[in-house]
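What follows is the residue order along each chain.
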Amino acid sequence: MKKDINRITFFNFLSILLLQGIAMISAPLFSRLLGTSGYGSLASFTAWSNMACIVLSLQSNETIVNARQEYDEQAQPGYQSSIMALSILGFLVGGGILMVFAGLLKMERLTLLLILMNAFGIFAVNFLSSKFTYEFKADKNMLLSIFMSVANFGVSLLLVLNMPVEQRYYGRLLGGVISYFAVGAVGSVLILAKGKVLYRAAYWKLCLTLGIPLIFQNLAYALLGSSDILMLEQLAGASASGIYSYALTMAGIIFTIFTALNSSWVPFFYDDMKQGRGEAVRSRASHFLELYTVLCAGFILLVREVFCIYADKSFWNGAELIPIFVVSYFVNMLCTFPVNFEYYHKKTKVVSIITIVSSLINVGLNYLLILRIGMAGAAVATLISHSLQLTLHY
């Protein structure tokens with residue numbers, strides 16, 4: 001068991017090193033090519049895509065781990081193909097309704113279509129990632145992550161460099177849509193072909209029972225993570241949103257590390273809980289907490305100077321926000337311990353209610369604080385909301 005978790009952790013951290021290497025090249029390059037306004041508009045497009053993904057996918061990928069507790073190994077391909085079909089149906093029906101009412105959303109149909117394509121691609125890639133994670137195939141998960149980053153970077157750079165300066169934002173946007181949608185489409189076909197089950201009442205019932213509450217919870221999470229960017233663009237302009245998003249991207253390195261640690265820990269948490277190994281759960285959680293605390297502290301000490309070397313001068317105002325972001329990510333990490341426990345016991349409604357309350361408070365705080373202290377107000381609002389969320393879980 002120890003050998004398995006060490007192997008998975010190794011692959012997850014190797015993935016981080018390679019992905020962050022690509023990010024360290026791509027982020028400063030695209031920030032200079034797009035400028036603060038273009039970077040802000042791209043962040044808003046990504047935020048809308050993520051929210052569409054959450055709602056239309058019905059959060060089926062989040063139920064893969066629960067299915068492994070409910071059904072034997074032979075049933076897993078059938079379950080996965082069935083819920084993939086359910087999610088595709090959700091995208092077709094929900095996407096069709098959105099396209100009809102695009103005018104009410106004050107959004108061009110082409111822009112909305114690109115959001116929907118990007119959302120489906122993100123969902124399908126996340127579905128594959130969840131499958132590999134809970135099947136303990138960290139090597140395949142690493143290869144998928146690296147391929148997506150390289151493809152996204154390569155296609156986007158090719159398009160950006162061949163577009164007029166005023167249209168470079170669209171090149172970066174299309175690069176992401178093309179790479180994610182193409183891989184997502186191929187991945188979904190493979191899932192369907194392997195499982196050969198499009199509909200089974202028991203599978204759809206389990207997926208919808210667990211997934212629908214998660215829609216509200218994860219949509220609230222998305223608002224908690226994206227309302228600051230969207231509201232900054234509306235209240236302070238695309239340039240402020242771009243600076244804020246770029247600083248958030250830099251701080252996101254520490255969140256990526258958390259994701260790798262959590263991906264290594266959660267499968268074993270579920271297995272230990274199922275086997276009644278409480279001491280093993282406490283031991284792994286303690287090591288997780290100690291390691292992440294040290295990493296966050298070191299990151300805060302070093303990141304400001306690195307950011308000023310790494311970023312174009314037009315983005316330097318965002319450096320003061322990074323420590324606030326890191327503390328927010330640390331508080332968010334603390335939430336994962338009670339949240340994973342609640343997930344295991346299928347108390348998704350409790351998690352959803354707490355997240356929704358925190359998100360609504362975050363939106364209100366954003367409005368009040370952005371008007372008074374601008375970008376810093378958005379960062380502080382997020383920290384306060386995460387702290388409230390942690391308090392409510394405990």
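In the block above lies the structure referred to throughout.
1. Details of the packing of helix 3 (residues 76-100) against helix 7 (residues 201-236)
- Following both chains from N to C, one finds helix 3 and helix 7 inclined at 65°, their axes separated by 9 Å at the closest point. Regarding helix 3 and helix 7, the two cross each other, and that crossing is right-handed. Contacts from Gly78, Tyr79, Ser82, Ile83, Leu86 and Leu89 of helix 3 reach helix 7 at Tyr203, Trp204, Leu206, Cys207 and Leu208.
- Looking at the contact of helix 3 with helix 7 residue by residue, the class counts come to 9 nonpolar, 2 polar and no charged.

2. Quick word on the pattern of salt bridges
- This model, assessed by the stated rule, comprises 4 salt bridges.
- Glu135 is the partner of Lys137 in a salt bridge, and the nearest nitrogen-oxygen pair spans 3.2 Å.
- A residue is classified by how much of its surface remains accessible, and Lys137, at 28% relative accessible area, is partly exposed.
- Measuring nitrogen to oxygen at the nearest pair gives 3.2 Å for the salt bridge that ties Glu279 to Arg282. With a gap of 3 residues between them, Glu279 and Arg282 both fall in helix 9 (residues 278-310), about one helical turn apart. In terms of burial, Glu279 and Arg282 fall into one category: exposed.
- The network of salt bridges with shared partners includes Lys131, Glu135 and Lys137.

Reading the values: rules and limits
- In this convention, every chain numbers its residues from 1, walking through the sequence in written order.
- Totals for whole chains, interfaces and linings use every residue, but because this is a predicted model, local features are given only for residues with pLDDT of at least 70 and side-chain atom pairs only at 80 or more, for both listing and counting.
- Computation of side-chain values covers all heavy atoms of the structure but excludes hydrogens and water.
- Angles here are taken between N-to-C directions and fall from 0 to 180 degrees, while the axes themselves are lines fitted to C-alpha atoms, restricted in helices to the stretch in contact.
- Strands are runs of DSSP state E lasting at least two residues, helices are runs of H or I lasting at least four, and both sets are numbered from the N terminus onward.
- By definition, any crossing whose near helix is turned counterclockwise from its far helix by less than a right angle is left-handed, and any crossing with a clockwise turn is right-handed.
- Contact definition: two residues touch when any of their heavy atoms are within 4.5 Å.
- Each residue gets one of three labels, nonpolar for Ala, Val, Leu, Ile, Met, Phe, Trp, Tyr, Cys and Pro, charged for Asp, Glu, Lys and Arg, and polar for the others, Gly among them.
- Take a side-chain nitrogen of Lys or Arg and a carboxyl oxygen of Asp or Glu: if they are within 4 Å of each other, that pair is a salt bridge.
- Using a 1.4 Å probe on the protein chains alone, a residue whose accessible area is under 20% of its type maximum counts as buried, one over 50% counts as exposed, and one in between counts as partly exposed.

Note that every value here comes from positions in space, so none of it alone points to a role or purpose.
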